[in-house]
Amino acid sequence: VSTQSTWEAVVSTQSTWVAKSTVACTCDRDALLPNWTAETLPALWARAGTPTGCPYMDDKVFDSRLNATGLKQAETVCKGYVDGVMAGPDRPEVVVTSALRRTVETARIAFKDHNVPIVASDLCREKSGLHICDKRSERSALQALYREVDFSQIPEEDELWTRDRENFTQCLDRVYRFLSWVVERPERCVAVSTHSAWLLHVFNGTEAGPGVNTRYFKNGELRSVYVNVTSS
């Protein structure tokens with residue numbers, strides 16, 4: 001159950017509970033760090049050269065694009081999941097992606113063989129603030145780089161990122177606004193390319209129905225659920 005007293009969201013595996021189906025896949029920030037592997041990540045943290053020793057606070061990772069590892073994951077893991085979903089009865093009619101470059105690239109690669117429109121949103125961006133890698137590029141720069149993606153839902157400048165990390169309640173408020181926006185869209189099935197920490201708020205800050213996996217998303221993992229949002 002949400003920490004918000006004025007709303008409630010339900011994610012369920014049962015199609016009879018709700019009218020909106022959402023397919024969520026994640027691209028984690030560790031897939032963007034230079035030459036990242038499970039073995040080299042501790043070394044990257046150790047030599048980050050930032051005051052906290054955190055590589056996510058290095059200016060070099062500002063709104064980073066996918067590195068070779070991330071590109072491979074998007075091509076093999078994400079696209080493999082998507083091809084299977086697109087062959088089934090619940091085909092996504094639109095892809096909503098976080099407006100950060102790594103998730104936009106994940107969405108473009110995963111759906112490259114399918115004629116599905118892609119819309120970018122700041123509402124499903126990673127838990128924001130403090131980390132430079134979670135700071136967004138200007139809309140005009142993104143539009144020039146990814147011409148087939150619709151960036152009309154976001155402002156030119158990044159109005160979300162601050163020097164303070166979002167707390168649970170602040171991020172959950174974004175989750176609610178995103179889910180409310182999604183369920184009001186005309187499409188019945190929506191794919192979402194987003195981030196693991198943000199999804200942790202979705203699956204643990206809402207009421208999860210029986211059988212819903214609420215654990216942390218792995219890189220490239222896809223889950224399909226039904227979503228219902230109510231206000232009180």
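Within each chain, residue numbers correspond to sequence positions counted from 1 in written order. Where local features are concerned, this predicted model is filtered to residues with pLDDT of at least 70; where side-chain atom pairs are given and counted, the filter is 80 or more; whole-chain, interface and lining totals use all residues. Hydrogens are left out, water is left out, and the side-chain values use all remaining heavy atoms of the structure.

Asks: What am I meant to see in the nonpolar core here?
Replies: General note: in soluble globular proteins, nonpolar side chains tend to be found buried as a group. Grouped together as the largest cluster of nonpolar side chains are 24 residues, with contacts concentrated most on F178, W198 and F203. We count a stretch as a helix when DSSP gives it H or I for four or more residues in a row; a strand needs E for two or more, and each element gets its number in order from the N terminus. Only strand 3 (94–98), helix 5 (168–184), strand 6 (189–194), helix 6 (196–204) and strand 8 (222–231) provide two or more residues apiece to this core. Remark: nonpolar core denotes a set of buried residues (Ala, Val, Leu, Ile, Met, Phe, Trp, Tyr, Cys) joined through side-chain atoms within 4.5 Å. Relative accessibility under 20% of the residue-type maximum defines a buried residue, over 50% an exposed one, and the middle range a partly exposed one, all with a 1.4 Å probe and only protein chains included.

Asks: What is the right way to read helix 3 (residues 101–110) from this model?
Replies: Most of helix 3 sits inside the fold, with nine of its ten residues counted as buried. Listed as buried for helix 3 are R101, R102, T103, V104, E105, T106, A107, I109 and A110. The criterion used for residue contact is that any of the two residues' heavy atoms lie within 4.5 Å. Looking at the buried positions of helix 3, the neighbouring elements they touch are helix 2 (68–86), strand 3, strand 4 (118–121), helix 4 (139–145), strand 5 (149–150) and strand 6.

Asks: Looking at this structure, how should I read the pattern of salt bridges?
Replies: A carboxyl oxygen of Asp or Glu within 4 Å of a side-chain nitrogen of Lys or Arg is what we treat as a salt bridge. Tallying each qualifying case throughout the model produces 17 salt bridges. Here D158 ties to R125 by a salt bridge, and the two come within 2.9 Å at their closest N and O atoms. Of the two residues, D158 sits in the loop between strand 5 and helix 5 while R125 sits in the loop between strand 4 and helix 4, which places them 33 residues apart along the sequence. A relative accessible area of 18% means that D158 is categorised as buried. The residue R185 makes a salt bridge to E187 at a minimum N-O spacing of 2.9 Å.

Asks: Honestly, the packing of aromatic side chains in this entry has me stumped. Any pointers?
Replies: Working definition: an aromatic ring pair is given by the centre-to-centre distance plus the angle between the planes. Each Phe, Tyr or Trp ring (for Trp, its six-membered ring) is paired with any other whose centre lies within 6.5 Å, and the angle between the two planes then decides the class: stacked below 30 degrees, edge-to-face above 60, tilted in between. Counted according to the given criterion, the structure contains three aromatic pairs. Pairing F178 with W181 gives two aromatic rings, centres 6.1 Å apart and planes at 50°, and the pair type is tilted. Of this pair, F178 and W181 both sit in helix 5, three residues apart, roughly one helical turn. Side by side, F178 and W181 carry an identical accessibility label, which is buried. Ring pairs connect the aromatic residues F178, W181 and W198, which therefore count as one cluster. In this scheme, Lys NZ or Arg CZ marks a charge over a ring once it lies within 6 Å of the ring centre and within 35 degrees of the ring normal. Note that R223 overlies the ring of F203, its terminal NZ or CZ placed 5.5 Å from the centroid.

None of this, on its own, says anything about what the molecule does.
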